[in-house]
Amino acid sequence: MTFDPVPTKSPTRHTHTFLPIAPLARSYPFALQKTRQVFAVATALLFLIPLAGTATGCGAGSGGGGSPTGSGVPVAQVTPPAPIPEATPTPTPPPAAVPSPPSPPDGPLVPNYNAELTMARQWNKSAVTVAVLSPPAGSAAGGADTAALVRQAVDLWNSKVSQEVRLQMVNENAAADVTIRWTPFSDLPADAVGLTEVTYRSSDNILSSARVRIQESLPESYQVQVIAHELGHCLGIDGHSQDHDDLMYPSAHLPAAVTVRDQNTVLNAYETGRGVAVPQSRIVPTKTIVQYICCKPRHHGSSASIR
């Protein structure tokens, strides 16, 4: 048996210890194999441990609710990113109010009898003056207070239409838009108790003057109604109503009252955009005179007679 010197360390000196070569030769391959096995196992563990930790953390193990470790080896947990705060929406200001288009003009005041008229005219002033001429001496109306009768008739209209046009009584010697006088029945057409003659401008239907004649022998009980009826023509009503209750019915009747239809018919002529349309064929640049004849009372009524 031979011995090879194997050096060993000593805290003080180096000595050579001789070991038998044969036993060392026999044991060396086994030790080398063990070393390789241990190295292989260690290397495999380096790869298997992260995989085991991943499976355990994702719930691939038992229950998914256990410790996020695998085989007792702690595994680093991944912290989820912090939620991004939602942006607070900026309040949108309400849209600017769009001005509404102007409303179309209102329609005609109803009820009325505009459709039954030849025309509806108007004065280009808000106050129309009225003068009462005293009856001549010896007249059948000489003993009546004609001014008081006219004032009653004026008040009937002013209480209904004064917001657009007003009748204003003046002295008989003053220049007035409307004059009223009493005349014998012989100076009037047959069956007439009142007659009105108006002058107007054909180009725009603006009234310029009016003259009224009342039958002097007309019973006083009818005079206010007849005077008020003639004043309706003076205000611009060209024609008559076909309803016997209206003041502008062509035959004298009681009571003396301006109805809603009478009122609306006059107001429609004066309010902007509500007048009766003027046919082009009637517009001529001259003044025109038209007469309205109002008949005496009849039991069954009568048609208007216009000249």
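Structure: see above.
Please read all numbers here as calculations on a predicted model, not as lab measurements.

S.K.: I tried to follow the overall build of the protein on my own but got confused; where do I start?
M.R.: Looking only at helices and strands, one finds four helices and 13 strands in the protein. Look at the contacts in the protein between residues 6 or more apart in sequence, and 70% of them connect residues 24 or more apart.

S.K.: What exactly am I supposed to notice about helix H3 (residues 220-234) here?
M.R.: Each α-helix turn comprises 3.6 residues. Residues three or four places apart therefore point the same way. Across its 15 residues, H3 extends 21 Å between first and last C-alpha, which sits within 8% of the 21 Å expected from 1.5 Å per residue. Within H3, twelve of the 15 residues are buried, which leaves the element mostly enclosed by the surrounding structure. Positive phi appears at Gly236, one or two residues downstream of H3, with a value of about 125 degrees.

S.K.: What is the right way to look at the pairing of strand E7 (residues 166-170) in this model?
M.R.: Remark: a regular strand shows side chains that alternate across the two faces of the sheet. Both strand E6 (residues 127-132) and E7 contribute to a ladder of five bridges, which runs parallel. The residue of E7 that forms the bridge with Val128 is Leu167. Following the chain from E6 across helix H2 (residues 146-161) to the adjacent parallel E7, one finds a crossover that is right-handed.

S.K.: Would you mind showing me how to read the nonpolar core here?
M.R.: In a soluble, globular protein the nonpolar side chains are often hidden away together inside. Counting 45 residues, the largest nonpolar core has Trp157, Val178, Ile180, Ile227 and Leu231 as the members making the most contacts within it. Mapped onto this core, the elements with two or more residues apiece are E6, H2, strand E8 (178-183), strand E9 (192-201), strand E10 (206-215), H3, helix H4 (260-270) and strand E12 (287-295). What Trp157 contacts, discounting residues up to four positions off in sequence, is Ser162, Leu167, Ala228, Leu231, Gly232, Leu235, Ile237, Leu247, Met248, Val258, Asp262 and Val266.

S.K.: What exactly am I supposed to notice about the packing of H2 against H4 here?
M.R.: Pairs of packed helices are described in terms of their axes, by the angle between the two and the distance that separates them. Two elements in contact, H2 and H4, have axes separated by 10 Å at closest approach and are oriented at 65 degrees. Considering the angle they form, H2 stands roughly perpendicular to H4. Regarding H2 and H4, the two cross each other, and that crossing is right-handed. Residues Trp157, Lys160 and Val161 of H2 pack against Asp262, Gln263, Val266 and Leu267 of H4. Class assignment of the residues belonging to the contact of H2 with H4 gives a composition of four nonpolar, one polar and two charged.

S.K.: What's the story with the packing of aromatic side chains in this structure? I'm lost.
M.R.: The description of two aromatic rings rests on the distance between their centres and on the angle between their planes. All told, the structure shown has zero aromatic pairs when counted by the stated rule. Against the face of Tyr200 rests Arg121, its NZ or CZ located 3.6 Å from the ring centre.

S.K.: Teacher, can you tell me more about the side chain of Arg121 here?
M.R.: Within the element layout of this structure, Arg121 appears in the loop between strand E5 (119-120) and E6. In this structure the side chain of Arg121 is engaged in a polar contact, spanning 3.0 Å, whose partner is the side chain of Tyr200.

S.K.: Honestly, the environment of Glu164 in this entry has me stumped. Any pointers?
M.R.: Tracing the backbone through its elements, the reader meets Glu164 in the loop between H2 and E7. Separated by 102 residues in the primary sequence, Glu164 and Val266 have C-alpha atoms spaced 9.0 Å apart. Filtering out sequence-adjacent residues up to four positions away, Glu164 remains in contact with Ser126, Leu267, Tyr270 and Glu271.

Thresholds, definitions, all that
Residues numbered from 1 in each chain as written. Predicted model: local features only at pLDDT ≥ 70, side-chain atom pairs only at ≥ 80, totals over all residues. Heavy atoms only, no water. Helix = DSSP H or I, 4+ residues; strand = E, 2+ residues; numbered from the N terminus. Contact = heavy atoms within 4.5 Å. Expected span 1.5 Å × (residues − 1). Buried < 20%, exposed > 50% of the residue type's maximum accessible area, 1.4 Å probe, protein only. Pairing = 2+ DSSP bridges. Right-handed = clockwise from strand over helix to strand, strands pointing away. Core = buried A, V, L, I, M, F, W, Y, C linked by side-chain atoms within 4.5 Å. Axes fitted to C-alpha atoms, helices over the stretch in contact; angles between N-to-C directions. Parallel < 35°, antiparallel > 145°, perpendicular 65-115°, else oblique. Left-handed = near helix turned anticlockwise from the far one by under 90°. Nonpolar A, V, L, I, M, F, W, Y, C, P; charged D, E, K, R; others polar. Phe/Tyr/Trp six-rings, centres within 6.5 Å; stacked < 30°, edge-to-face > 60°. Lys NZ or Arg CZ within 6 Å of the ring centre and 35° of its normal. Polar contact = N/O pair within 3.5 Å; in protein donor to acceptor, adjacent residues only side chain to side chain.

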